[in-house]
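Remarks on the overall topology
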Amino acid sequence: MELSYLDAVILGIVEGITEYLPISSTGHLTVAEKLLGLQIDDPAVTGYTATIQIGAIVATLVFFWGKIVRLLRAFVAGLRDAEARRSHDWTLALAVIVGSLPVGIVGFLGRHIISGPLRSLWVVAGALVLWSAVMWVAEKRYAATVAAGRVRAEDDVTVLDGVKLGLVQCLSLIPGVSRSGATISAGLFGGINRVVATELSFFMAIPALTAAGLFGLKDVNLSVIPLGPMIVGLVISFIVAYASIAWLLRFVATNSLRAFIYYRVPAGLLLAAALGAGWISAH
């Protein structure tokens, strides 16, 4: 089945909304592709899914351009000068870089499982519900940290924090977990300010999703995914992702992740019910 422009618009919107909200972009894209009649384990379709993430990555680069340039300069300066390595920007940059490595390694080594068996909608349904429990506990732990006055600011973030967030980010390779849901939760468990944890999640997305997008290009089949719809999906995902980033940063400044849990659990249960009733197939 050839991807139409309408399909591209729908998938671009789904990608843009769900990439940074803690509700799982892969899970929602898998469901959307299934409902559109696409073969979800077709390499061309999974390649398209990974490729339109580049639009969301560009949105992140544009939104945080000033801070990204600042961290890159600090990292380069730290490579040349020991004094520069005493700045917190060097530490923050190193935390992001080191934290981005695990998901790349695990994603590459497990790529056949990720694009194959894990694409089952049963996996998506289960992960939406089960990871919600982790997010709930993370918020309770964070609330206790706030009450005790021990919340850590950006200046308190260490390279070890980057490693921890990076390791937890590997779990987001399971559709339904959510990369942002995983990394933000890890930050909350570590007592990191929710907004700071969210920004770290965005920064760690850049290398991870860029690598996934570029790797996915090899599976692009223009007879299934024509160039026109490919470009439309990228542009739509960029626009919607930019708006999602701006909204989420304002939201987490004064709200917990529980609002997303109230969506994730019913969505996972509804999907499981649909699968159990035979209204939709798992593959």
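Described in the following lines is the structure provided in the data block.

Thresholds, definitions, all that
Residues numbered from 1 in each chain as written. Predicted model: local features only at pLDDT ≥ 70, side-chain atom pairs only at ≥ 80, totals over all residues. Heavy atoms only, no water. Helix = DSSP H or I, 4+ residues; strand = E, 2+ residues; numbered from the N terminus. Contact = heavy atoms within 4.5 Å. Patch = residues over 30% accessible without salt bridge, like charges linked within 9 Å, V, L, I, M, F, W, Y side chains within 5 Å. Areas by Shrake-Rupley, 256 points an atom, 1.4 Å probe, with all protein chains shown as cover. Salt bridge = Lys/Arg side-chain N within 4 Å of Asp/Glu carboxyl O. Axes fitted to C-alpha atoms, helices over the stretch in contact; angles between N-to-C directions. Left-handed = near helix turned anticlockwise from the far one by under 90°. Nonpolar A, V, L, I, M, F, W, Y, C, P; charged D, E, K, R; others polar. Core = buried A, V, L, I, M, F, W, Y, C linked by side-chain atoms within 4.5 Å. Buried < 20%, exposed > 50% of the residue type's maximum accessible area, 1.4 Å probe, protein only. Phe/Tyr/Trp six-rings, centres within 6.5 Å; stacked < 30°, edge-to-face > 60°. Lys NZ or Arg CZ within 6 Å of the ring centre and 35° of its normal. Parallel < 35°, antiparallel > 145°, perpendicular 65-115°, else oblique. Polar contact = N/O pair within 3.5 Å; in protein donor to acceptor, adjacent residues only side chain to side chain.

A separate point is the overall build of the protein chain. A count of helices and strands for the protein chain gives 13 helices and zero strands. Going from the N terminus to the C terminus, the protein chain shows its helices and strands as α-α-α-α-α-α-α-α-α-α-α-α-α. Its C-alpha atoms give the protein chain principal-axis dimensions of roughly 55 × 40 × 35 Å. For the protein chain, the share of sequence-separated contacts (at least 6 apart) that also reach a separation of at least 24 residues comes to 81%.

Okay, the environment of A208 next. Within the secondary structure, A208 sits in helix α11 (residues 194–216). Each C-alpha atom, one on A208 and one on L6, is 28 Å from the other, the two residues being 202 residues apart in sequence. Setting aside anything within four residues of it in sequence, one finds A208 in contact with V103 and Q169.

Turning our eyes to something else, we now look at a nonpolar patch on the surface. On the surface, L101, I105, V106, F108 and L109 cluster together to form a nonpolar patch covering roughly 510 Å² of accessible area. Here I105 is to be found in helix α6 (residues 88–109).

The next thing to look at is the pattern of salt bridges. Using the criterion set out here, one finds seven salt bridges in the structure. Across the pair D161 and R152 runs a salt bridge whose closest N-O atoms are separated by 2.4 Å.

Working note: a packed helix pair is described by the angle between its axes plus the distance between those axes. Direction vectors running N to C along helix α9 (residues 159–169) and helix α10 (residues 179–189) enclose 145°, while the axes themselves pass 8 Å from each other. For the element pair α9 and α10, the recorded crossing hand is right-handed. Within the contact between the two elements, α9 uses L165, V168 and Q169 and α10 uses R179, A182, T183, A186 and G187. In terms of residue class, the contact of α9 with α10 is built from four nonpolar, three polar and one charged.

Core analysis: the biggest nonpolar cluster contains 45 residues, and Y20, F64, L200, F202, I245, L257 and F260 have the highest contact counts within it. Going through the elements one at a time, α4 (53–63), α5 (65–80), α6, α8 (121–147), α10, α11, α12 (227–254) and α13 (258–276) are the ones with two or more residues in this core. Of all the elements, α11 adds the most residues to this core, at nine residues. With residues near it in sequence (within four places) discarded, L200 still touches L92, V96, V157, L165 and I192. Counting 13 residues, the second largest nonpolar core, distinct from the first, contains L3, L29, A44 and M230.

This brings us to the packing of aromatic side chains. Here the structure, examined in full by the defined rule, presents eleven aromatic pairs. Ring pairing ties together the aromatic residues Y20, F63, F64, F202, F203, F238 and Y242, which thus form one cluster. We note R258 situated over the ring of W136; from NZ or CZ to the ring centre the distance is 4.6 Å.

Running from amino to carboxyl end, α8 crosses α13 at an angle of 155°, the nearest separation of the two axes being 8 Å. For the element pair α8 / α13, the angle class is roughly antiparallel. Considering only the axes of α8 and α13, their crossing is left-handed. Among the residues making up the contact of α8 with α13, the classes are represented as 19 nonpolar, three polar and four charged.

Glancing now at the side chain of S24. Following the sequence through the fold, S24 ends up in the loop between α1 (5–18) and α2 (25–35). When its relative accessible area of 2% is taken as the criterion, S24 is described as buried. Separated by 2.9 Å, the side chain of S24 and the backbone nitrogen of G27 make a polar contact.

This paragraph deals with the environment of T51. Structurally, T51 can be placed in helix α3 (residues 43–51). The exposure class assigned to T51 is buried, which follows from its relative accessible area of 2%. Separated by 52 residues in sequence, T51 and V103 have C-alpha atoms that sit 17 Å apart.

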